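# Overview (structure and organization)
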Amino acid sequence: MAGVSSLSLAKVRQGLEPRLPGADLALAEDLFGVLVILDSNAGLRRALTDPSRTGSDKAVLVDQLIAGRVSSEAASIVRDLVGERWGNARDIGDALETLAATVVISVAEQGSGVEGLEELENELYSFVQVVASNHALQRALSEAQATPESKVALGLKLVPQAGPAARLLISQAVRAPRGMKPAALVGRFLELVAARQQRWIANVSVTRPLTASQQERLATGLNAMYGRQLKVNVKVDPSLIGGVRVSVGDEMVDSTVVTRLSELRRKLAG
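Structure report, in brief. (Residues numbered from 1 in each chain as written. Predicted model: local features only at pLDDT ≥ 70, side-chain atom pairs only at ≥ 80, totals over all residues. Heavy atoms only, no water.)

### Structural notes on the overall build of the chain
- Assigned secondary structure in the chain consists of 13 helices and four strands.
- Here the chain holds 270 residues, and the buried ones make up 44% of them.
- Contacts in the chain between residues far apart in sequence, at least 24 positions, make up 68% of those at least 6 positions apart.
- Put simply, the chain shows about 14,200 Å² of open surface, and 53% of that area lies on carbon and sulfur atoms.
- Within the chain, the 29 negative side-chain charges are centred at a point lying 5 Å from the centre of the 31 positive side-chain charges. (Helix = DSSP H or I, 4+ residues; strand = E, 2+ residues; numbered from the N terminus. Buried < 20%, exposed > 50% of the residue type's maximum accessible area, 1.4 Å probe, protein only. Contact = heavy atoms within 4.5 Å. Areas by Shrake-Rupley, 256 points an atom, 1.4 Å probe, with all protein chains shown as cover. Lys, Arg positive; Asp, Glu negative; His and termini not counted. Charge placed at Lys NZ, Arg CZ, Asp CG, Glu CD.)

### Points about the pattern of salt bridges
- Counted by the stated rule, this structure contains 15 salt bridges.
- A salt bridge links R196 to E17, with the nearest nitrogen and oxygen atoms 2.8 Å apart. Remark: E17 occurs in the loop between α1 (3-16) and α2 (25-39) and R196 occurs in helix α11 (residues 182-197); sequence separation between them is 179 residues.
- Look at E17 and you get partly exposed, because its relative accessible area is 29%.
- Between R188 and E97 there is a salt bridge; the shortest N-O distance is 3.9 Å. Placement of the pair is R188 in helix α11 and E97 in helix α6 (residues 89-109), with a sequence separation of 91 residues. (Salt bridge = Lys/Arg side-chain N within 4 Å of Asp/Glu carboxyl O.)

### Considering the packing of aromatic side chains
- Counted under the stated rule, the structure contains zero aromatic pairs.
- Positioned above the aromatic ring of W200 is the side chain of R228, whose terminal nitrogen or guanidinium carbon lies 5.8 Å from the ring centre. (Phe/Tyr/Trp six-rings, centres within 6.5 Å; stacked < 30°, edge-to-face > 60°. Lys NZ or Arg CZ within 6 Å of the ring centre and 35° of its normal.)

Here it is, written out as structure tokens:
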């Protein structure tokens, strides 16, 4: 996904973020259910990605299709999705899949934070490893004549200790791989988990080693700033000259001398 679709996905994911603390797996199941509707109707996908249609027209179409079939929260998320611009019809389905998986991942994150994400990562990785090492399993999970239910049952047998979040993602990948191998789609979900984990890691660059008390104050300040208990990695980088640079996920806080000088040079050049 690239261009306008990539920008639209970033926007709807940002809009989804405030909903995640109270989300549950039922919301993800509703979103995956809407994805089934989109994937089964090429005309609908074209209508929802038609640039000549207004966002309100598309929202009305969505309401006609899913009203009463999913929660109001799921319907609201889908309306936000169809209100954006998409480069091609396939992209809107890929985006909805990403949103649904993000909800699942956030549920694993609730309560236990990064430890919950690490557990989910291990469970999904275990599935990928088992399938990758067995060609018979690969064929069975992709067998066109087998029912989706039988394939899901087989997939879940491979990870008997998996929690609800992992079981839902694995079931989705086996039931509706959307043109991919089930293990490859689980691998894509793993990438989303890894990206979510970065929100819990603060990478800090400083010009000289910090004392234990300084590191403690730094961690306390960052935890207060982001509202969660971060893992703080500190690296000494003398090239910064002075100040501190902090990155948490996609966010960057930079108060180094080098950055301030660069900004000054840009202003002078302008």
